Amino acid sequence: MSTGSPVGSHRVVSPAGALPQAADRLDPNPEIAEDEVRISVERLNLDAASYRQLHTSHGGDGEAIRAEVLGIIERRGKMHNPVTGSGGMLIGTVDEVGPRSPLGLKAGQKVATLVSLTLTPLHIDDRLARWDGTSEQVPTSGHAILFGRSIAAVLPDDLPEHLALAVLDVCGAPALVRRVVERRGPDTTVAVLGAAGKSGSLSLAAARDAGAQTVVAVVRDEIEDAQLRGSHLADAIVIADATDPLRLSRKVTEALHGRGADVTVVCVDVPGCEHGAILATAENGTVVFFSMATSFPAAALGAEGLAADVEMLIGNGYVPGHADYALHLLRENRHLKDLFIDRVGKEEA
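Read on for a plain summary of the structure. Just so it is clear, the structure is predicted and the values come from calculations on it, not from any experiment.

Calculation rules
- Residues numbered from 1 in each chain as written.
- Predicted model: local features only at pLDDT ≥ 70, side-chain atom pairs only at ≥ 80, totals over all residues.
- Heavy atoms only, no water.
- Helix = DSSP H or I, 4+ residues; strand = E, 2+ residues; numbered from the N terminus.
- Pairing = 2+ DSSP bridges.
- Axes fitted to C-alpha atoms, helices over the stretch in contact; angles between N-to-C directions.
- Buried < 20%, exposed > 50% of the residue type's maximum accessible area, 1.4 Å probe, protein only.
- Arc of directions from axis to C-beta.
- Contact = heavy atoms within 4.5 Å.
- Parallel < 35°, antiparallel > 145°, perpendicular 65-115°, else oblique.
- Salt bridge = Lys/Arg side-chain N within 4 Å of Asp/Glu carboxyl O.
- Phe/Tyr/Trp six-rings, centres within 6.5 Å; stacked < 30°, edge-to-face > 60°.
- Lys NZ or Arg CZ within 6 Å of the ring centre and 35° of its normal.

**Brief notes about the environment of Glu 332**
Now for step 1: Mapped onto the secondary structure, Glu 332 falls in helix H10 (residues 322-332).
Now for step 2: Glu 332 sits 127 residues away from Ala 205 along the chain, and the two C-alpha atoms are 9.9 Å apart.

**Notes on the sheet that holds strand S13 (residues 281-289)**
Now for step 1: Pairing in this open sheet of six strands is parallel, and the strands run S11-S10-S9-S12-S13-S14 from one edge to the other. At either margin of the open sheet sits one strand with a lone partner, and together these are strand S11 (236-239) and strand S14 (311-314). With direction set aside, neighbouring strand axes in the sheet form an average angle of 20°.
Now for step 2: Direction of pairing for strand S9 (residues 189-193) relative to strand S10 (residues 214-219): parallel, over a ladder of five bridges. Looking at S10, one finds that Leu 193 is bridged to Val 218.

**Remarks on the sheet that holds strand S3 (residues 37-46)**
Now for step 1: Judged by pairing direction, the sheet is antiparallel, and its six strands sit side by side in the order S6-S7-S3-S4-S5-S8 without closing on themselves. One side of each edge strand has no neighbouring strand; the edge strands of this open sheet are strand S6 (122-124) and strand S8 (152-154). Taking the axes of each pair of neighbouring strands and ignoring which way they run, one obtains an average angle of 35° across the sheet.
Now for step 2: Pairing of S3 with strand S4 (residues 88-97), which is carried by nine bridges, proceeds in the antiparallel orientation. Bridging across to S4, Ser 40 finds its partner in Thr 93.

**What to know about helix H7 (residues 245-255)**
Now for step 1: By the burial criterion, the buried members of H7 are Leu 248, Ser 249, Val 252 and Ala 255. Viewed end-on, H7 has its buried residues packed into an arc of 130°, placing them on one side of the element. What points out from H7, more than 90 degrees from its buried face, is the exposed set Leu 246 and Glu 254.
Now for step 2: Elements that come into contact with the buried residues of H7 comprise S9, S10, S11 and helix H8 (274-279).
Now for step 3: Among the residues trailing H7, His 257 stands out with phi positive, at a value near 60°.

**Quick word on the packing of helix H5 (residues 198-209) against H10**
A packed helix pair is summarised by two numbers, namely the angle formed by the two axes and the spacing between the axes.
Now for step 1: Orientation of H5 relative to H10, taken along the N-to-C sense of each, is 90°, at an axis distance of 10 Å. By the angle class used here, H5 and H10 are roughly perpendicular. Of the residues in H10, those touching H5 at Leu 202, Ala 205, Ala 206 and Asp 209 are Tyr 325, Ala 326 and Leu 329.

**Describing the pattern of salt bridges**
Now for step 1: Inspection of every chain in the model, using the stated rule, returns 20 salt bridges.
Now for step 2: Taking the shortest distance from any N to any O, the salt bridge between Asp 221 and Arg 220 comes out at 3.9 Å.
Now for step 3: Accessibility expressed as a relative area gives 22% for Asp 221, which makes it partly exposed.
Now for step 4: What you see here is one network of salt bridges that share partners, running through Glu 136, Asp 169, Lys 198 and Arg 343.

**As for the packing of aromatic side chains**
Now for step 1: Across all of its chains, the model carries zero aromatic pairs by this definition.
Now for step 2: The lysine or arginine in question, Arg 178, covers the ring of Tyr 325, its NZ or CZ lying 3.8 Å from the ring centre.

Interpretation note: all reported values are geometric properties and have no functional meaning in isolation.
Rendered as structure tokens:
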């Protein structure tokens, strides 16, 4: 076995000198380096922003979506949507572990990768034949490579694999929300945009768990309102278009009795939510962007143009202990678990 770079730079085909996430193409050769792990892939989970873009671009044509995803993987040696710049994650079985791998994995373990598909060398050998292109979860076969500084979690025995995958795909969101709310203290008010989605509902649960005083869920329509109604995850539910800054900020302010949120969490998987999130946040508040559709220039210049004194955080998907915490929230909250089962069940169908 050869010795590889712990960050995977030896897998970069082009351009020279790039790290795997920024690379145009990776080498998914199944022969592993001494500190690598090879995973036998069983299911991909495309991130919400990427799948929405693909679905919109192809008018919901599952066959066309499948063909484009396959083409991306074959061209790039990874699942890295060139439009959204995002990917997702996967589950599979550990096939081989290099003798110098620091990940603590063993052959035969069923795992979920907690690093993005945008930097994971990936080869598919079934041409995605079992996927109809109409869901974020993609049953498939092939192999993927984890580096020395990758992250993976052994799948729990008490949850269906597709449900665990859905939770672990967004497990960085609730851990960061808990950290931010705990840092601000018990009087904190929280607004979550995109609250009916996977990362949004987990963020609601985390805000509650961290002791937030008031939690406001922002959803896009009556259907999502009905999904959250009775879940006890939020004190108030607001129906508003997150891309309409004035209406959004007015609705959130009304729900919080004339004041913006101390913490606003953005989990909406469409572009154009930056300004509304900023306006909906109180002075000296914090905006946490947990959407791959976020534009950094729009957020930075928007805050400047609005003279908004807010802290803005980009959720990077990793907080120590994030996987265990997300699974804990799901196990301890029956309403949250039901939301995930309803969502994943529909996707599985």
